Amino acid sequence: MTDTAIKEQVEQAIADNEVLLFMKGTPDMPRCGFSLRVVGVLDQLGIEYGAIDVLPALEPLREATGEISDWRTFPQLYVNGELVGGCDIVEEMFESGELAELVGAKQPEQASAPQPEPSAAPPLQIDAS
C-alpha cells in the first residue's frame, strides 16, 4: 500500500465516523496509558465511536495523520472530521464539559478524567554483578 493509499483510507475513516479515535491498542485492550485514559473519557460520556489500532502500521499512520492534521502522536480524537487533540486536551475538555457539548452527550455529574491504575507487576531487577 502506498502512502497515498493510507492517507486516503485515514481521510475516509475520519469522514465516515462522527467520533473516531486513533489509539494504541483497542478500546477493550488499550496498549498505552494515554489511549486508556481517552477510552475512559469516551466511555464515561456513553457515546459510540470508531477506533483504529495504530500499532500494526504506526509509522505510515503517523505520517498520514501528520499530513492531515499536523499531529503525529497518538492517541488522536477526531469529532465531525476535525482533530480535537490528544489525551491531555481530551481530558481538559471533558472536565470542563466542552467535550460533552461537542459530541452531543450529557456531561456526567462527577466528570473527572480517569487515572490509570498502577501496574501490579513488580519492578524489573538488573543484576549488576
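Summary of the structure given here.

Rules and cut-offs
- Residues numbered from 1 in each chain as written.
- Predicted model: local features only at pLDDT ≥ 70, side-chain atom pairs only at ≥ 80, totals over all residues.
- Heavy atoms only, no water.
- Helix = DSSP H or I, 4+ residues; strand = E, 2+ residues; numbered from the N terminus.
- Expected span 1.5 Å × (residues − 1).
- Buried < 20%, exposed > 50% of the residue type's maximum accessible area, 1.4 Å probe, protein only.
- Arc of directions from axis to C-beta.
- Contact = heavy atoms within 4.5 Å.
- Salt bridge = Lys/Arg side-chain N within 4 Å of Asp/Glu carboxyl O.
- Polar contact = N/O pair within 3.5 Å; in protein donor to acceptor, adjacent residues only side chain to side chain.
- Phe/Tyr/Trp six-rings, centres within 6.5 Å; stacked < 30°, edge-to-face > 60°.
- Pairing = 2+ DSSP bridges.
- Axes fitted to C-alpha atoms, helices over the stretch in contact; angles between N-to-C directions.

Further remarks concern helix α1 (residues 3–16). The end-to-end C-alpha separation of α1 is 20 Å, in line with the 20 Å expected for 14 residues at 1.5 Å each. Where α1 is concerned, the buried positions are Ile6, Val10, Ala13 and Ile14. Down the axis of α1, the buried side of the element spans an arc of 100 degrees, and every buried residue falls inside it. In α1, the exposed residues that point more than 90 degrees away from the buried face are Thr4, Ala15 and Asp16. Buried positions along α1 lie against β1 (19–23), β4 (50–53), α3 (58–69) and β5 (76–79).

Now for the pattern of salt bridges. Oppositely charged side chains are able to pair whenever their charged atoms sit close together. Taken as a whole and assessed by the stated rule, the structure comprises four salt bridges. Residue Arg37 pairs with Asp88 through a salt bridge whose shortest N-O separation is 3.7 Å. Taken as a pair, Arg37 in helix α2 (residues 33–45) and Asp88 in helix α4 (residues 87–96) lie far apart in primary sequence, 51 residues in all. The shortest N-O distance in the salt bridge between Glu59 and Arg62 comes to 3.3 Å. Taken together, the residues span about one helical turn, with Glu59 and Arg62 both in helix α3 at a distance of three residues. Three or more residues are tied together by salt bridges with common partners; here these are Arg37, Asp88 and Glu91.

Here we come to the environment of Asn17. Among the secondary structure elements, Asn17 is positioned in the loop between α1 and β1. Taking the relative accessible area as the measure of exposure, Asn17 reaches 26% and is therefore partly exposed. Separated by 62 residues in the primary sequence, Asn17 and Val79 place their C-alpha atoms 8.0 Å from one another. Within polar-contact distance, the side chain of Asn17 engages the backbone oxygen of Ala13 at 2.8 Å.

A separate point is the packing of aromatic side chains. Tallying each qualifying case throughout the model produces one aromatic pair. Taken together, a centroid distance of 5.7 Å and an interplanar angle of 75 degrees make the contact between Phe22 and Tyr78 edge-to-face. Here Phe22 is found in strand β1, whereas its partner Tyr78 is found in strand β5, with 56 residues between them in sequence. A single burial state applies to Phe22 and to Tyr78, both of which are buried.

Following the sequence through the fold, Thr65 ends up in helix α3. Judged by its relative accessible area of 0%, Thr65 falls in the buried class. Each residue touching Thr65, except ones within four places of it in the same chain, is listed here: Val10, Asp70, Trp71, Phe74, Gln76 and Tyr78.

Below, the discussion takes up the sheet that holds β5. One open sheet accounts for four strands, arranged β4-β1-β5-β6; its pairing is mixed. Edge strands, defined here as strands with exactly one partner in the open sheet, are β4 and β6 (82–85). Taking each pair of neighbouring strands and ignoring which way they run, the sheet shows an average axis angle of 25 degrees. Across four bridges, the pairing between β1 and β4 is parallel. Looking at the pairing, Phe22 lines up with Ile52 of β4. Of the strands in this sheet, β1, β4 and β5 touch α1, which is tilted by about 140 degrees from β1. In this fold α3 packs onto β4, β5 and β6, with an angle of close to 45 degrees to the strand it touches most, β5.

Remember, this is a structural readout, not a statement about activity or role.
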